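Fold and contact review
The chain contents come next:
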Amino acid sequence: MEPAAIRRIADREWELGGSWTVRGLGELVHSLDAEPGQGGAITLDGSGLEAIDTAGAWVLQRWLTRHGAQATRRGWPAQPERLMSLVAAHPQAPLLQAARYTPLARVGRRAAAAARQTLGLLSFIGETALAALRLLAHPDRIRWRTVLRNIQIGGFDALPIIGLTSFLLGIVVAYQGADQLQHYGANIFVVDLVGYAMLREFAPLITAIIIAGRSGSAYAAQIGTMIVTEEIDAMRTIGIDPIELLVLPKVIALLVALPLLTVYADMLGVFGGMVMARAQLDIGMHEFIDRFGRELHGTSLLVGVGKTLVFALIIAGIGCFQGFRTHGSADSVGRQTTLSVVQSIFLVIVADALFSVVFSRLGL
Amino acid sequence: MPDTDLVIEMRKVCTRFGRNVVHDGLDLEVRRGEVFAIAGGSGSGKSVLLREMILLQRPNSGSIRVLGEDVATLDEEQSLALRKRCGVMFQHGGLFGALTVRENIGLPLREHSSLDSALIDSIADWKLSLTGLAPEAGLKQPDELSGGMLKRASLARAIALDPELLFLDEPTSGLDPASAAGVDELIRRMHELFGLTLVMVTHDLDLLWQVADRVAVLGEGRVLGTGSMEELSHLDHPIIRGYFDDPRARKARDRAKAQE
């Protein structure tokens, strides 16, 4: 294959040679800039042309247009001639550009989108609440099998990962505390530290974050995929309320599973702290449990577990909401899934902060 | 020495998925410059055959030559060179959702040429106009297009590099009759303009009658018959008869005759 070439053979006469193709064009794309000829009308001899494709025809045509030249073609084979005449006849209009927005307009569009999303969330919460009320009026319509299945997938199957994480978290808390407490000879207070920290904050929070990543994303992906494959539409036409079938069982399941998981995380976390206390501070298991029983009250446990009810609503709600916001293609499923995880973790932490303020006001 | 007039040459191709035998010693030839159609019922292995031609899948045994190259012996570089000479239009478009339609069409050029960005965009717009879409469509995301527009945009990307060999997977499936007729017309124009070889998988009877030069009917793991629709109509195999004997088939034939 010869590289593309162009040569002046006489005044206003140019001869083309080689392959004017994507592969053969090479540097000619950038170097073709000679003046075609005074007055603009020139002749292009194509008898030496090996091949020409769209890219080659366009490079040639751009050169002619740039210099305001018109070309008559001589000796072009039939196929290139047809292609070239089509390209030459195509109006060289400036490229259409996508609408660009000023920074102010972008802020406005973002705000409008955020407002729409908030309204959408509110209406979703409303719809779900109405569906829940309808279900309460007819409790026999609750799909217990689906609820149990969701508890199994979202709760039971998460036991290993949550157990391990909170055990490690307990170790970390005790280890960080041990160093400080040893300075003051207040070794035994590690029990209070681990107990309060795990029961009130860490166990509920880490459980909620893991479940948001594990189940919240799965909810968004499941519902999003069902929207792309038109299963949700099918459900509506058959007369099944997708909220009743898909959302409520998930909400109920998480309302059951998350508190239970948190209690489990409490136990494993405190156990982790206990192991660390024995290794680092020489506090025996008996001593630890003895103090734990005297110092910590049911309130701490209930405060921690109570919060998770709200977390469960946030995770299931945001996961399903973002799933339902999917539209169009599979691409959108991924986007909504990511959003669901980010938003639910963010909201869980915001809610946790609000709880801290409220509980400290109430003196709990 | 491979026959240069044969663009695709498949010999004794066998493909199995587990115990399910899809192709059982299949032979197929596509000649340069023709419009070749592969027909056959669902599950007859048409799509698998297409995937084997475009190097997405390997048969369990048998040889496949595409544009004179034995696909089993190609290294990575040679495969890439071969892929650049082929264009594929997928059944559901296969357009990248993260890019606009214009960027989708320009992508092969951007990857495989040293052309500047403005030129690539102009070429992409021109290809788009060849397929009958307005320039505004180039700025849209693929998921904003209707089914017919998606097929056209996907065809525009398939011809981005002016391929010698163009594969079309179900070019008219899921289209209304008017759009399907538009795609028929479009395929004929592309064939004329670029002088390329076209291989399509379809069971659109109008497409088979009016556009295809030769048709291969797949069934029972092999090619039951190859030839123009006229020639196939004389064959006496129950699966092939299915393409001629029912009322829809007769209507398609009458339409084709009326056009001539």
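Let me sum up the structure you'll find in this document. (Residues numbered from 1 in each chain as written. Chains lettered and ligands numbered in written order. Predicted model: local features only at pLDDT ≥ 70, side-chain atom pairs only at ≥ 80, totals over all residues.)

1. Observations concerning the overall build of chain B
Filter applied, for reference: Helical segments are the DSSP runs of H or I of at least four residues, strand segments are the runs of E of at least two, and each set is numbered from the N terminus. Every radius of gyration here is taken over C-alpha atoms, with the globule rule written as 2.2 Å times N^0.38, N being the number of residues. Residue burial is a threshold on neighbouring C-beta atoms within 10 Å of the residue's own C-beta, all placed from the backbone, with 20 or more meaning buried, 12 or fewer meaning exposed, and counts in between meaning partly exposed. Any pair of residues counts as being in contact when their C-beta atoms, constructed from backbone geometry, are within 7 Å of one another.
Scanning chain B for helices and strands turns up ten helices and ten strands. Computed over C-alpha atoms, the radius of gyration of chain B comes to 18 Å, within 12% of the 18 Å expected from 2.2 N^0.38 for 260 residues, which places it in the range of a compact globule. Counting across all 260 residues of chain B, residues that qualify as buried make up 43%. Once local pairs closer than 6 in sequence are excluded, the contacts in chain B between residues at least 24 apart make up 65%.

2. Some thoughts on the interface of chain B and chain A
Which entries qualify depends on this criterion: All residues other than Ala, Val, Leu, Ile, Met, Phe, Trp, Tyr, Cys, Pro, Asp, Glu, Lys and Arg, Gly among them, are scored as polar; the first ten of these are nonpolar and the last four charged.
Each partner contributes residues to the interface: chain B has 24 residues there, and chain A has 21 residues. Breaking the side of chain B that touches chain A down by element, the ones donating at least two residues are α3 (101-112) and α4 (117-130) of chain B. Per-element tally for the side of chain B that touches chain A: the top contributor is α4(B), with seven residues. Taken together, the residues of the side of chain B that touches chain A break down into ten nonpolar, eight polar and six charged.

3. Topic: helix α10 (residues 242-281) of chain A
Residue and element names in this part refer to chain A. As a reminder, the rule being used: The span one expects for a helix is its residue count, reduced by one, times 1.5 Å. Given a residue, its bend is the angle between the two axes fitted to the seven residues that end at it and to the seven that start from it.
An ideal rise of 1.5 Å per residue puts 58 Å on 40 residues; α10 measures up with 55 Å between its terminal C-alpha atoms. At Leu248, α10 shows its largest kink, close to 30°, and the proline Pro249 lies no more than four residues downstream. Asp282, located one to two residues past α10, shows a positive phi value of around 55°.

4. Section: the sheet that holds strand β3 (residues 35-40) of chain B
Residues and elements named next belong to chain B. Here is the rule: Two strands form a pair only when DSSP identifies at least two bridges running between them. Axis geometry follows a simple rule: fit a line to the C-alpha atoms, using only the stretch in contact for helices, then measure angles between N-to-C directions, giving values from 0 to 180 degrees.
Taken together, six strands build an open sheet; the order of strands is β6-β7-β8-β3-β9-β10 and the sheet is mixed. Bordering the open sheet on either side are β6 (86-89) and β10 (222-227), each of which pairs with just one other strand. Averaged over neighbouring strand pairs, the angle between their axes works out to 15° when direction is ignored.

5. Quick notes on unusual backbone geometry
All names here are of chain A. Even without glycine at this site, Arg12 takes up a positive phi of about 60°. With respect to the helices and strands, the residue Arg12 is situated in the loop between β1 (5-10) and β2 (13-20). Of the residues examined, Arg12 has 16 C-beta atoms within 10 Å and is grouped as partly exposed.

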